[in-house]
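Residues per chain, in single letters:
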There are 2 protein chains.
Amino acid sequence: MAGTGGRRERLRAETTAEIKQVALELMASGGPDAITLRAIAREIGMTANAIYGYFATRDDLITTLINEVYTALADTVDTAWQNAPVDDPAGRIQAWAQAFRGWALANPEGFRLVYGDPVPGYQAPAGGPAPDAAHRVCTGIAALADAAWPYAERRLPAHSDFQWSDFDDGLLAKVRPAFPDLPPAGVALALRIWGHLHGLVSLEIYGHLRTQMIDADKLFQEEIVQLVRSLGIEPEGRRPSPASG
Amino acid sequence: MAGTGGRRERLRAETTAEIKQVALELMASGGPDAITLRAIAREIGMTANAIYGYFATRDDLITTLINEVYTALADTVDTAWQNAPVDDPAGRIQAWAQAFRGWALANPEGFRLVYGDPVPGYQAPAGGPAPDAAHRVCTGIAALADAAWPYAERRLPAHSDFQWSDFDDGLLAKVRPAFPDLPPAGVALALRIWGHLHGLVSLEIYGHLRTQMIDADKLFQEEIVQLVRSLGIEPEGRRPSPASG
DNA sequence: CGAGCGACTATACGCCGTGAAGTTTCTATA
DNA sequence: TATAGAAACTTCACGGCGTATAGTCGCTCG
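This section reports on the structure supplied with the text. None of the values given here were measured: they were computed from a predicted structure. (Residues numbered from 1 in each chain as written. Chains lettered and ligands numbered in written order. Predicted model: local features only at pLDDT ≥ 70, side-chain atom pairs only at ≥ 80, totals over all residues. Heavy atoms only, no water.)

**Some words on the relation of the copies chain A and chain B**
Here is step 1: Superposing chain A onto chain B takes a rotation of 180° plus a shift of 0.0 Å along the axis, which leaves an RMSD of 0.0 Å. One copy is carried onto the other by what is essentially a two-fold rotation axis. Taking C-alpha positions as reference, the residue of chain A nearest the rotation axis is glycine 199 of chain A, located at 1.6 Å.
Here is step 2: With an isologous cut-off of 70% or more, the 100% of interface residues of chain A that recur at the interface of chain B puts this contact in the isologous class. (Least-squares fit on C-alpha atoms with pLDDT ≥ 70 in both. Contact = heavy atoms within 4.5 Å.)

So this is what it looks like as structure tokens:
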């Protein structure tokens, strides 16, 4: 067989990349539904069946796309919150939330692809289509929860009984080494924060907020402020010390 | 034309009902994607084109189904929270949240139909497919927010500047007469609560929580407790008076 | 009784995913 | 360098989809 630099393999990689890129363009212009093998082939100048040489089935292609799009989302939000000062946990949470919603608004079809029913009849593989990217996103929020934990802990009275066994091992493999001081309840807090923000963005992207409210942005900004406040850290770096509560 | 009780009209109503029921059965067993005119016709014993005598297009049928399913959801949650004691706002919120998630878990395909990308290529009509049901759901949460408002108000410091003009007129037409003491910020609070709960349930229904957590129920129960607490009302009726804060 | 209308079928078109079989083109080896 | 084989791609085919058009049957009412 040819080595890594073989001509054939290079062409193959290029064609694979082109298929994916055309698929993403179709999705951006016509929604996830527009991702059809025939449309991709038409655009590239191939026969639909030729794509089967690169992806075993349409669902395989979709899964790959979900992976890439989800990874792009994770990159975006990670970059955003990591660019905020380390000593400003409230600012980091704000950055995460704004980046998450901003990405969703800029890539609504991508959001639907990752978080919705992507495409007619699509069946995600066992363990989800993009577990790594999902864990990355959750780990990002866990970082925010970890930074806020000294403040938030006292706001979450000790009735919650989360244990490590409640969580997915793949997630914990990333979270526990990175944030050794974050207890199970802290991970639960991270997931709840994720849920809060995902809920509003999801309602907005799918048009359910628009039928209730003119300006979804205002609602989201309020949500961020209240989220930060509920964690016991004030926006814009003005926050009490953990000791003074 | 025949009167309201005419034989023809009765038969027509029966066939219309049968089409919708078969569609819902197909959805329950095979997901929203399974709702195809041809499958419905096959099940009923008609030709696919015969359905065009009852619904102008497939999207029309889908819109009707969304309306019915959304209404069923609204009925369920309304019944649930209204059955809790009036003087137990925390219990009512709990009832709403449990009923919402319970309905979603019992009717995951219905949840996807209402809140997700229902069906390949479906385009919801302007104003959303089921604005009435959506407003009913939001009005229900507004009732909960209204009951909690005397307690919650002091937890939401006065930096939010919501106005009536921020919200949809159809929603306000239901909310303002029913809860004359609830200010715009209270409606915003209701929408945020909706977002919180929708987010977690949506992540769960679409399988995104399962890749992070073993027991989504535990997370949701924690969410309810913290939600009630954040509003300043204690669970199970033990709550401070608004005056004592 | 007969005209008209409503309910329904038959046929057809262009989409879709995908399987089977055939063809071309490149590559590795004898 | 000749050649066997693999890889890339095409052609043809099948069944499913929404839906447009035209035609058919039977009930109902004047």
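**Here we look at the interface of chain A and chain B**
Here is step 1: In this assembly, 53 residues from chain A lie in contact with 53 residues from chain B.
Here is step 2: Contact between chain A and chain B buries roughly 4,700 Å² in total, counting both sides, with carbon and sulfur atoms accounting for 58%.
Here is step 3: On the chain A side of the interface with chain B, the three residues burying the most area are Asp117, Arg192 and Gln212 of chain A, jointly 16% of the side's total.
Here is step 4: Applying the counting rule to chain A against chain B returns four salt bridges.
Here is step 5: Residue aspartate 166 of chain B is joined to lysine 218 of chain A by a salt bridge in which the shortest nitrogen-to-oxygen separation is 2.9 Å.
Here is step 6: When contributions to the side of chain A that touches chain B are tallied by element, the ones reaching two or more residues are helix H5 (108-115), helix H6 (131-152), helix H8 (184-205) and helix H9 (216-230) of chain A.
Here is step 7: Among the elements that take part in the side of chain A that touches chain B, H8 of chain A stands out by supplying eleven residues, more than any other.
Here is step 8: Broken down by class, the residue content of the side of chain A that touches chain B amounts to 22 nonpolar, 18 polar and 13 charged. (Buried area = accessible area lost by both parts, 1.4 Å probe. Salt bridge = Lys/Arg side-chain N within 4 Å of Asp/Glu carboxyl O. Helix = DSSP H or I, 4+ residues; strand = E, 2+ residues; numbered from the N terminus. Nonpolar A, V, L, I, M, F, W, Y, C, P; charged D, E, K, R; others polar.)

**Examining the packing of aromatic side chains**
Residue and element names in this part refer to chain B.
Here is step 1: Within the structure shown, the criterion is met by twelve aromatic pairs over all chains.
Here is step 2: With 5.0 Å between their ring centres and 20° between their planes, tryptophan 96 and phenylalanine 100 make a pair best called stacked. Highlighted residues: tryptophan 96 and phenylalanine 100, both in helix H4 (residues 89-106), separated by four residues, approximately one helical turn.
Here is step 3: Exposure remark for tryptophan 96: the relative accessible area of 1% places this residue in the buried category. (Phe/Tyr/Trp six-rings, centres within 6.5 Å; stacked < 30°, edge-to-face > 60°. Buried < 20%, exposed > 50% of the residue type's maximum accessible area, 1.4 Å probe, protein only.)

**A few points about a positive patch on the surface**
Here is step 1: A cluster of basic side chains, namely Arg154 and Arg155 of chain A together with Arg154 and Arg155 of chain B, defines a positive patch on the protein surface.
Here is step 2: Looking at the secondary structure, you find arginine 155 of chain B in the loop between helix H6 (131-152) and helix H7 (169-178).
Here is step 3: A relative accessible area of 40% places arginine 155 of chain B in the partly exposed class. (Patch = residues over 30% accessible without salt bridge, like charges linked within 9 Å, V, L, I, M, F, W, Y side chains within 5 Å. Areas by Shrake-Rupley, 256 points an atom, 1.4 Å probe, with all protein chains shown as cover. Lys, Arg positive; Asp, Glu negative; His and termini not counted. Charge placed at Lys NZ, Arg CZ, Asp CG, Glu CD.)

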